[in-house]
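# Structural overview for review
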Amino acid sequence: MSATKCASFIRARDPSILAWNRPAINPSVKMDLCSAFTDESSSGEKDKEHLQVYLRLKPCDHLNEIYDIENNVLVCRVPRGSQFMRNIQDGNKVKRQYSFTKIYGPDTNQVELFNDCIKHRMLDFLNGKNGNIFTYGTSGSGKTYTILGTATNPGIIPRALEYMFRTLPPIDEVPILKPTESGDVELLEMSARRAELNLRNNFLNSSSTKDRSLHIKTYKAMRERLSVEPTATIEEGTNVAIGIWVSFAEVYNEYIYDLLQPKPARGKQRPKLRLGQDEKGNTYIKNLTNISVSSGLEAYEILQYGMHHLNYASTSVNAHSSRSHCIFTIKLAQVYSTEVQITQFNFCDLAGSERAKHTNNIGVHLKESNNINTSLHVLGRCIKTIRASQKNINMSSRAPFRESKLTRLFQRSLIGGEGIAMIVNVNPHRDMFDEGQHVLNFSAVAQDITVEAEIKPTKKRFSQYIHSTALPSISESEQSELDILRDQVQTLYSELESQRMMWSEKEVSIRREIQNATQARNKVMNENWQRRMEEREKSLIELHEFKLAQLEEYYERKLNANSKRPRLTNVINLDDSEIDNLDSSDVSNLDDAKEALKLKTDEVDKLRTSLREVQERISALQADVTRFSFDMQLKDQEITKTNKQLTETENELITVKQKNRELETLLRHAKAEFQELELTVKNNELEVFNLHEKNADLNEQLLARATDIVEHVEYVEQLEEKLNEVNLE
């Protein structure tokens, strides 16, 4: 069944006195005929503000030291030390003014915010109009409190759910109809109804018992708190089949994911969803899970299930910072007879804009911040382009909707085809001033900057000349562009720092590997040298032992050879009486024998002395070998230490050279960026000067045209007088 373009089949009305207790009326019927005769510019201004922006300030001490609220205009006194004082001369004071649809101070409660911003939009949603609510703010600005609230102070989503379900008639637990991706409605068969019911029950039962009981307890406390709040009423006599469906998606790093899909197995990635367009040109998310709900509690549990799958990270600004834009959608499907009506209401929570200087993000978190800031920048450009084109009909510039998934999804609402509003949360603390200014620059309906110059007496003509020829101040758009460029430069510096840290870690690991390899190599070399020394020592000992054995054997043979000769022992042992009986020949033989014995004895003594010398020499050689081995070990240690010092010195030299090259590159880039900024400022000054001249020329032309018109009017009056005179005659 295809959806019709008619109004809602259920007619909801606000029974309060402020709403005059009137029923819903077809918007095509004109009620205020006076508007047709009033100035067109007044109605045009009302139509131009289709994007209403509400500002909410977080409670903070010493709020009035920096901020003042004057008739929905936030006046900011820029403190010293802020980056917005960099282009201001010393002694001057700067005031920045931001206009909003309405400003809610720190004392504003949740009831007032819901009644002013959400309630009438939910009533329009029940009566057939699509609605969109954006929430935006820096990390830690109270955005989560505004959206969800607490058990005692419910936020806008729990209040919207209770307002809707308490207004509508009871919803069947078993869904009868289901909206399709293309904007039509499908009537479900019995099997499909049971499947959808089982799908919802699986989602509700998938959470842990502890978490689910906590969510149920919290929402029941919210429902009890909201039971006294008034709701709309439905006119009787309408027999309409109603179905409520919810979905939850996130835009993370410019990819779209379904938050109602279970987590994939470890090592697998979540499936990425694509955008599509229906026959009417409306953009939607393909294959997004829609769950039927029959009560606010079920919708709240589905919301909490999806929030459990959101991407969060801890930064120096917020310990639980959202890293993606999330979109919670409520679809109301109606079937009356053969006609079908589908309306949807989107709650889009924009991720907080962050600067790398304050959050200290690196690596993956730095990439997330860059994608967040890029998508928000595209959204801001689209809003500014649409506002500028509505103020100047002849303006031909186009909004860059296709540069971001977020702007493509909400293109119809941004151009005025659907109701849209934004709730901006700002933390007015002094430390968050610069972050708050970026949020205000992005979201304010109008803004203005005034500089109060400090009057100082000047004594030198040169100073007077400088002050008299001072350059015009930079406009707000130029300041925003400069801030974006500075943030990009800071992001690049952060990326360079992360790369430097990564390469430093790699360098340390490489050094450690080289050190381990060198130690292993030195250990192997020492073992080889030790083995070679032992082998050399063993071979020398064996050689000397072999030579000693040969000498012993040689002298043993000598001794044995001498022992085989005639023994002279008896001759030597003769006494004097026997010697006297010997003849002369015997005496001479005896003397020869004694002489030979003496010679042999001397030769043996010499051999023994030589043997002792050889043994002493062997001992000396062994001592030399031991000393040489010890000296070799000391030399190896010195060589290892010297090689290590040499390697460290070379690595340090390489690191220093690399750092010098990086610093030179950064200096060149900074110089080039400064020159580009300086050229941009000069071009902007020239454009401002040309605009002033054009403005003066236009004023002169306007004055000349006004003079001509006055002359023509006088001439027409004269002609009318003459005509009257002719008629009288």
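Residues numbered from 1 in each chain as written. Predicted model: local features only at pLDDT ≥ 70, side-chain atom pairs only at ≥ 80, totals over all residues. Heavy atoms only, no water.

The next subject is the overall build of the protein. Looking only at helices and strands, the protein has 18 helices and 21 strands in total. For the protein, buried positions account for 34% of its 729 residues. Carbon and sulfur atoms provide 52% of the accessible area of the protein, an area that totals close to 45400 Å². (Helix = DSSP H or I, 4+ residues; strand = E, 2+ residues; numbered from the N terminus. Buried < 20%, exposed > 50% of the residue type's maximum accessible area, 1.4 Å probe, protein only. Areas by Shrake-Rupley, 256 points an atom, 1.4 Å probe, with all protein chains shown as cover.)

Moving on, we get to the packing of helix H6 (residues 190–206) against helix H8 (residues 296–307). At their nearest, the axes of H6 and H8 sit 9 Å apart, and the two run at 60° to each other. As the angle between them shows, H6 and H8 are arranged oblique. Crossing of H6 over H8 shows left-handed handedness. Taking contact as the criterion, the partners of Arg200, Phe203, Leu204 and Ser206 in H6 are, on H8, Glu298, Glu301, Ile302 and Tyr305. Tallied by class, residues from the contact of H6 with H8 come to four nonpolar, one polar and three charged. (Axes fitted to C-alpha atoms, helices over the stretch in contact; angles between N-to-C directions. Parallel < 35°, antiparallel > 145°, perpendicular 65-115°, else oblique. Left-handed = near helix turned anticlockwise from the far one by under 90°. Contact = heavy atoms within 4.5 Å. Nonpolar A, V, L, I, M, F, W, Y, C, P; charged D, E, K, R; others polar.)

A few words now on helix H2 (residues 110–117). Residues of H2 that are buried include every one of Gln110, Val111, Leu113, Phe114 and Cys117, and no others. Angular distribution of buried residues about the axis of H2 spans 165°; they occupy a single face of the element. (Arc of directions from axis to C-beta.)

Bringing the pattern of salt bridges into the picture now. In a structure, side chains of opposite charge can pair up when their charged atoms sit close to one another. Applying the stated rule across the entire model yields 10 salt bridges. As a salt-bridge pair, Arg200 and Glu298 come within 3.6 Å of each other at their nearest N and O atoms. Taken together, the positions of Arg200 in helix H6 and Glu298 in helix H8 put the pair 98 residues apart, joining distant regions of the chain. We classify Arg200 as buried; its relative accessible area is 2%. (Salt bridge = Lys/Arg side-chain N within 4 Å of Asp/Glu carboxyl O.)

The next point concerns the pairing of strand S19 (residues 339–349). Among the 11 residues in S19, nine count as buried, and that is most of the element. Alignment of strand S7 (residues 131–137) against S19, held across five bridges, turns out to be parallel. Paired with Asn132 across the bridge in S19 is Asn346. Where strand S18 (residues 325–336) meets S19, 11 bridges bridge the pair, whose relative direction is antiparallel. When the bridges of S19 are listed, Lys331 appears paired with Gln344. (Pairing = 2+ DSSP bridges.)

Summed over all chains, the structure comprises zero disulfides. Free of any disulfide, Cys326 has its nearest cysteine sulfur in Cys348, 7.0 Å distant. A residue is classified by how much of its surface remains accessible, and Cys348, at 1% relative accessible area, is buried. (Disulfide = S-S within 2.5 Å.)

Residue position: Ile386 is located in helix H10 (residues 364–391). Placed 28 residues apart in sequence, Ile386 and Leu414 show a C-alpha to C-alpha distance of 8.0 Å. Contact partners of Ile386, with chain neighbours within four places excluded, come to His50, Ala399, Phe401, Leu414 and Ile415.

Attention shifts here to the pairing of strand S12 (residues 255–258). In this structure, strand S11 (residues 241–252) lies alongside S12, joined through four bridges in antiparallel fashion. Each residue of the ladder has a partner; that of Glu250, found in S12, is Tyr257. Between the antiparallel neighbours S11 and S12 lie two residues, among them Asn253 with a positive phi of about 55°.

A separate point is H8. Across its 12 residues, H8 extends 16 Å between first and last C-alpha, which sits within 8% of the 16 Å expected from 1.5 Å per residue. For H8, the tally of buried residues reaches 12 of 12 residues, placing the bulk of the element in the interior. Within the sequence span of H8, burial applies to Gly296, Leu297, Glu298, Ala299, Tyr300, Glu301, Ile302, Leu303, Gln304, Tyr305, Gly306 and Met307. (Expected span 1.5 Å × (residues − 1).)

We now examine a nonpolar patch on the surface. Taken together, the side chains of Tyr715, Val716 and Leu719 present a nonpolar region at the surface, about 280 Å² in accessible area. By the element assignment, Tyr715 lies in helix H18 (residues 584–728). Assessed through its relative accessible area of 49%, Tyr715 is described here as partly exposed. (Patch = residues over 30% accessible without salt bridge, like charges linked within 9 Å, V, L, I, M, F, W, Y side chains within 5 Å.)

This part takes up the side chain of Ser294. Looking at the element boundaries, Ser294 is found in the loop between strand S15 (291–293) and H8. A relative accessible area of 14% places Ser294 in the buried class. Leaving out residues up to four positions away in the same chain, Ser294 has contacts with Phe165, Ile171, Asp172, Glu173 and Arg200.

Attention now goes to the packing of aromatic side chains. As enumerated under the stated definition, the model contains 11 aromatic pairs in all. A connected cluster of aromatic rings, assembled from ring pairs, spans Phe125, Phe345 and Phe347. The residue whose ring lies beneath Arg270 is Tyr257, and the NZ or CZ to ring-centre distance is 4.2 Å. Taking NZ or CZ as reference, Lys272 lies 3.8 Å from the ring centre of Tyr255, over its face. (Phe/Tyr/Trp six-rings, centres within 6.5 Å; stacked < 30°, edge-to-face > 60°. Lys NZ or Arg CZ within 6 Å of the ring centre and 35° of its normal.)

Turning to the packing of helix H3 (residues 119–126) against helix H5 (residues 156–167), a few remarks are in order. Angle between the axes and distance between the axes are the two parameters that describe a pair of packed helices. Interhelical geometry of H3 versus H5 gives an angle of 40° and a closest axis separation of 10 Å. With respect to H5, the axis of H3 lies oblique. H3 and H5 meet at a crossing whose hand is right-handed. The residues of H5 that touch H3, namely those facing Lys119, Met122, Leu123, Phe125 and Leu126, are Ala160, Tyr163, Met164 and Thr167. A class-by-class count of the residues in the contact of H3 with H5 yields seven nonpolar, one polar and one charged.

Here the focus is the nonpolar core. Counting residues in each nonpolar core, the largest one holds 55 residues, and the members touching the most others are Ile118, Met164, Ile244, Ile330 and Phe347. Ignoring anything within four residues of it in the chain, the contact list for Met164 reads Met122, Phe125, Leu126, Ile244 and Ile330. Val78, Leu275, Ile327 and Leu379 belong to the second-largest nonpolar core, a separate cluster that totals 46 residues. (Core = buried A, V, L, I, M, F, W, Y, C linked by side-chain atoms within 4.5 Å.)

Right, let's get into the environment of Val625. Counting through the fold element by element, Val625 comes out in helix H18. Sequence-wise, Val625 and Glu537 are 88 residues apart; in three dimensions their C-alpha atoms are separated by 6.6 Å. Look past the residues within four positions of Val625 in its chain and what remains in contact with it is Met533, Glu537 and Leu540.

Let us now look at empty space enclosed by the protein. Vacant regions in the atomic arrangement are exposed by a probe of water-molecule size rolled over the atoms. Overall, the coordinates contain six cavities of 30 Å³ or more when judged by the stated rule. Of the pockets and cavities examined, the largest cavity occupies roughly 100 Å³. Taken together, Val111, Phe114, Asn115, Lys119, Arg159, Glu162, Tyr163, Arg166, Leu226, Glu229, Pro230 and Thr231 form the lining of the largest cavity. (1 Å grid on protein atoms, 1.4 Å probe; cavity = no way out; pocket = protein on both sides within 12 Å on 5 of 7 lines; lining within 4 Å. Points joined across faces, edges and corners; volume = space filled by probe spheres on them.)

This next bit is on the confidence of the model for the protein. Taken as a whole, the protein shows an average pLDDT of 77; of its residues, 77% reach a score of 70 or greater. The secondary-structure element of the protein with the lowest mean pLDDT is helix H1 (residues 40–48), recorded at 41, while H5 shows the highest, at 95. Across residues 356–366, confidence stays below pLDDT 50; counting only partners more than four residues off in sequence or on other chains, it has 27 contacts. Note that residues 567–574 has pLDDT below 50 and, in this model, six contacts with residues that lie over four places away or in other chains. (pLDDT = per-residue confidence, 0-100.)

Our next topic: unusual backbone geometry. The backbone of Asn71 sits at a positive phi, close to 55°, despite the residue not being glycine. Position of Asn71 relative to the elements: it lies in the loop between strand S3 (67–69) and strand S4 (73–77). The backbone phi angle of Asn253 is positive, close to 55°, even though this residue is not glycine. Looking at the secondary structure, you find Asn253 in the loop between S11 and S12.

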